[in-house]
Amino acid sequence: MSRNLDSPVQTQMAVAVFKTPLSGATSMDGKQHHKHQHLQRQSSGRRVFVQTETGCVLGMELDRSDNVHTVKRRLQIALNFPTEESSLTYGDMVLTNDLSAVRNDSPLLLKRNFMHRSSSTPCLSPTGKDLQQKDRSGPIEILGHSDCFSIVKHMVKDIVKAIKMGVEPLAVHSGLGGAYYFRNKRGESVAIVKPTDEEPFAPNNPKGFVGKALGQPGLKSSVRVGETGFREVAAYLLDYGRFANVPPTALVKITHSVFNVNDGVKGNKPREKKLVSKIASFQKFVAHDFDASDHGTSSFPVASVHRIGILDIRIFNTDRHGGNLLVKKLDGVGMFGQVELIPIDHGLCLPETLEDPYFEWIHWPQASLPFSDEELDYIQSLDPLKDCEMLRRELPMIREACLRVLVLCTIFLKEAASYGLCLAEIGEMMTREFRPGEEEPSELEVVCIEAKRSVTERDVFSPRSDVVGEAEFQFDLDCDDLESVYATKIQLTDDYFTKNPFSNGRSSLGKLEESIKEEEEDEEEEEDKTENAVPMIIMKDSFFSSAAFHDKAPSLSKLSTSMKNTHLSDTARKHPKPLTRGKSENTSSGHKSANEQLPVSASFVKVADMKEDEWALFLERFQELLGPAFAKRKTATLSKRQRLGTSCQF
């Protein structure tokens, strides 16, 4: 198995690292491997879409004799693209030879491992005659077969007809990434398409925000470049019954000459416009009158705010600002009281680790009102295990760390709603408190730190040797060193943490165009983290998918919290030293390099570095600690209301 040693998020995504590939096929854990084999279609006649880290895409049909080497060879012939010293990845998996785990219509990513990335290597997508000979897929192909995509299929047919009639898409000039309005034969916008290789800092970004290869950290360190597209689809799939009104969204392979192709990762010298194939998110365009940042929010329907907030909590949305809440008048006359809210832009949800979310609605008066009975019933009906199974089935490229965040936040939402907390209180508990010069973990992160501490304590005092056929992980610690271990996990170094400019009360990614900061990524930070952090446990077993989890984890249908013999340490929240951001320097270049501009976000706790049984114990302890945390929050809320009186009531 080849490891992506040059990825700065390698240590953040433990589930992507394995010591021994199973069955000579992939680096996937055994249970997950068998599950994919069970779900996959017959090995012959499958179609995949291979994307290089520079953005070019090739669709190809696989037969029984194909393997990783034949796929690379076909890619090299079709695109004249070097494939030596490269890895073919499928979500968390690094494919070594066998392709039996790859499902039909799946996107694969070809990444170079040890070769020096040349900034002058262009994206050589198949064009013209080559495209017709090498790629037999249609101009727009939906990656997935869910019944939820029926609306998208009708939209695709209308757009394909319009393209044949000469109706050209329109580029969207706002925003940081490349986006395009695709229209029907009447010239009406039908869908907005966002290519994954034109995201901010991706190789083919048309607006100068370049400098990263696909798979490296993007706007958020916990969301990789090229992976916001499937998150948009995940938000739509998780919005059961269109509860929050997310527009229909799908992942597609789409071919058109309107797309941008830069001459290398530095974004220089745009190439001549030719047919280019892209992997992109494809979302229904919703006509609207304005967005939530254009007008006052006090008259927005309480139910709409609650429903969108419930979704944001579940998916840990790190970028819910007013600009991605569309407002549509329902009366058509202008009466502001009758409006519909449409949430869009969910590419920065489901991060690989907890960080600081951004909830625009957190201070809206609607968020302070209690949930309705209908909303409480919906919350209690949520099943994070079924959510994970659905996402693995529909989006097999999704990373397990993202699913853990989904499970954690869904449990948190269900427990908080059962305890009687309102939407604003839940959002505040998930949001970090910002103080000048320092950043502290949120109340949710404090609970996670304490729960993980309990699991670590169990591991130190009760080393396990129940794993057969693999080397046992051992902590190189004595019992006397336990206190220093906890201090290391909680008191994190200044070099590792820097202030996050996208937190509540400061700024949002929606305003990033106005406040981009330049900042170098220091490789020494990774060394400091490695030296100071507790040894990371490498995951080898799939979480949630085995019977072991269901035997050990508490039933998610019974969300009662034990209040006995639990204590949440207040000291776990405090970060004793002020946090300072590294100095940024202005660049004379016209291009906005990601290496110069990306801020480093603090990560107080990771959920991806636990084995399956540890994850089950972590969740059990997590639920036990939520009761005291909610009680503390209720006390603080009552005290605040007594000080403010009734002036802030809705």
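Residues numbered from 1 in each chain as written. Predicted model: local features only at pLDDT ≥ 70, side-chain atom pairs only at ≥ 80, totals over all residues. Heavy atoms only, no water.

Below, the discussion takes up the overall build of the protein. Counting its secondary structure elements, the protein contains 17 helices and 16 strands. Within the protein, the fraction of its 650 residues that count as buried is 57%. Excluding contacts between residues fewer than 6 apart, the proportion of contacts in the protein whose partners are at least 24 apart in sequence is 77%. Total accessible area computed for the protein in this model is approximately 27,000 Å², and 49% of it derives from carbon and sulfur atoms. (Helix = DSSP H or I, 4+ residues; strand = E, 2+ residues; numbered from the N terminus. Buried < 20%, exposed > 50% of the residue type's maximum accessible area, 1.4 Å probe, protein only. Contact = heavy atoms within 4.5 Å. Areas by Shrake-Rupley, 256 points an atom, 1.4 Å probe, with all protein chains shown as cover.)

What follows deals with the pattern of salt bridges. Where charged atoms from two side chains of opposite charge come close, those side chains can pair. Inspection of every chain in the model, using the stated rule, returns 27 salt bridges. Salt-bridge contacts for arginine 307 lead to glutamate 374; the nearest nitrogen and oxygen are separated by 2.9 Å. One end of the pair, arginine 307, is in helix H6 (residues 302–315); the other, glutamate 374, is in helix H7 (residues 373–381), and 67 residues separate them in sequence. With relative accessibility at 52%, the residue glutamate 374 sits in the exposed group. Here the salt bridges do not stand alone but share partners, grouping Asp92, Arg224, Glu227, Arg231, Glu352 and Arg399 into one network. (Salt bridge = Lys/Arg side-chain N within 4 Å of Asp/Glu carboxyl O.)

Of all the 6 residues making up strand S2 (residues 57–62), 5 are buried; the element is thus mostly covered by neighbouring parts of the structure. Between strand S1 (residues 46–52) and S2, which follow one another and run antiparallel, lie 4 residues, and glycine 55 among them has a positive phi close to 110°. (Pairing = 2+ DSSP bridges.)

Packing of H6 against helix H9 (residues 400–419) leaves a shortest axis separation of 7 Å and a crossing angle of 135°. Comparing their axes, H9 and H6 come out oblique. Note on element contacts: H9 touches H6 through Leu406, Cys409, Thr410 and Leu413, opposite Ile310, Ile313 and Arg314. Here the contact of H6 with H9 is composed, by residue class, of 5 nonpolar, 1 polar and 1 charged. (Axes fitted to C-alpha atoms, helices over the stretch in contact; angles between N-to-C directions. Parallel < 35°, antiparallel > 145°, perpendicular 65-115°, else oblique. Nonpolar A, V, L, I, M, F, W, Y, C, P; charged D, E, K, R; others polar.)

Before going further, it helps to examine the environment of lysine 278. Examined against the element boundaries, lysine 278 turns out to sit in strand S11 (residues 276–284). Among the residues examined, lysine 278 registers a relative accessible area of 0% and is labelled buried. A sequence separation of 223 residues divides lysine 278 from glycine 55, and the C-alpha atoms of the two residues are 7.1 Å apart. Apart from the residues within four sequence positions on either side, lysine 278 is in contact with Val57, Pro195, Asp197, Glu198, Asn204, Val252, Lys253, Ile254, Phe259, Asn260 and Val261. At a separation of 3.2 Å, a polar atom in the side chain of lysine 278 contacts the side chain of glutamate 198. (Polar contact = N/O pair within 3.5 Å; in protein donor to acceptor, adjacent residues only side chain to side chain.)

This part covers the sheet that holds strand S10 (residues 249–256). An order of S6-S10-S11-S9-S8-S7 is seen for the 6 strands of this open sheet, with the pairing classed as antiparallel. Pairing within the sheet leaves two strands with one partner each, and these edge strands are strand S6 (140–142) and strand S7 (170–171). In the sheet, strand S8 (residues 180–183) pairs with strand S9 (residues 189–195) via 4 bridges, with the strands oriented antiparallel. Bridged to tyrosine 180 within S9 is valine 193.

Grouped together as the largest cluster of nonpolar side chains are 105 residues, with contacts concentrated most on Leu391 and Phe622. Considering every element that reaches this core, the biggest residue donor is H9, with 12 residues. Split by domain, the residues of this core number at least three in each of domain 2 (138–263 + 272–285) and domain 3 (287–460 + 604–643). The contact partners of leucine 391, leaving out residues within four places of it in the chain, are Ala234, Leu237, Leu238, Pro396, Ile398, Leu403 and Leu406. Among the nonpolar cores identified, the runner-up in size contains 21 residues, and Cys56, Val68, Ala101 and Leu110 belong to it. (Core = buried A, V, L, I, M, F, W, Y, C linked by side-chain atoms within 4.5 Å. Domains from an automatic or database assignment.)

Overall, the prediction assigns the protein a mean pLDDT of 74, with 64% of residues at 70 or greater. Considering only residues more than four positions removed or in separate chains, one finds that residues 465–508, a stretch of pLDDT under 50, has 101 contacts. Below pLDDT 50 for its whole length, residues 529–591 participates in 160 contacts with residues either more than four positions away or in separate chains. (pLDDT = per-residue confidence, 0-100.)

In total, this model carries 11 aromatic pairs according to the counting rule given. Here tyrosine 181 and phenylalanine 285 contribute two aromatic rings whose centre-to-centre distance is 5.4 Å and whose plane-to-plane angle is 80°, an arrangement assigned as edge-to-face. Within this pair, whereas tyrosine 181 is found in strand S8, its partner phenylalanine 285 is found in the loop between S11 and strand S12 (290–291), the two being separated by 104 residues in sequence. Judged by centre distance (5.6 Å) and plane angle (70°), the ring pair of phenylalanine 300 and tryptophan 364 falls under edge-to-face. Taken together, the residues span a long stretch of sequence, with phenylalanine 300 in the loop between S12 and H6 and tryptophan 364 in the loop between strand S14 (339–343) and H7 at a distance of 64 residues. Neither phenylalanine 300 nor tryptophan 364 differs from the other in exposure class; each is buried. Every member of this aromatic cluster is reached through a ring pair, and the members are Tyr180, Phe182 and Phe259. (Phe/Tyr/Trp six-rings, centres within 6.5 Å; stacked < 30°, edge-to-face > 60°.)

Ordered in space as S2-S1-S5-S3-S4, the 5 strands form an open sheet in which the pairing is mixed. The open sheet is flanked by S2 and strand S4 (93–95), the only strands paired with a single partner. Going from strand to strand, the sheet's axes swing by 35° on average, the running direction of each strand aside. The strands touched by helix H2 (residues 68–79) within the sheet are S1, S2, strand S3 (86–90), S4 and strand S5 (106–112), with S2 carrying the most contacts at an inclination of about 135°.

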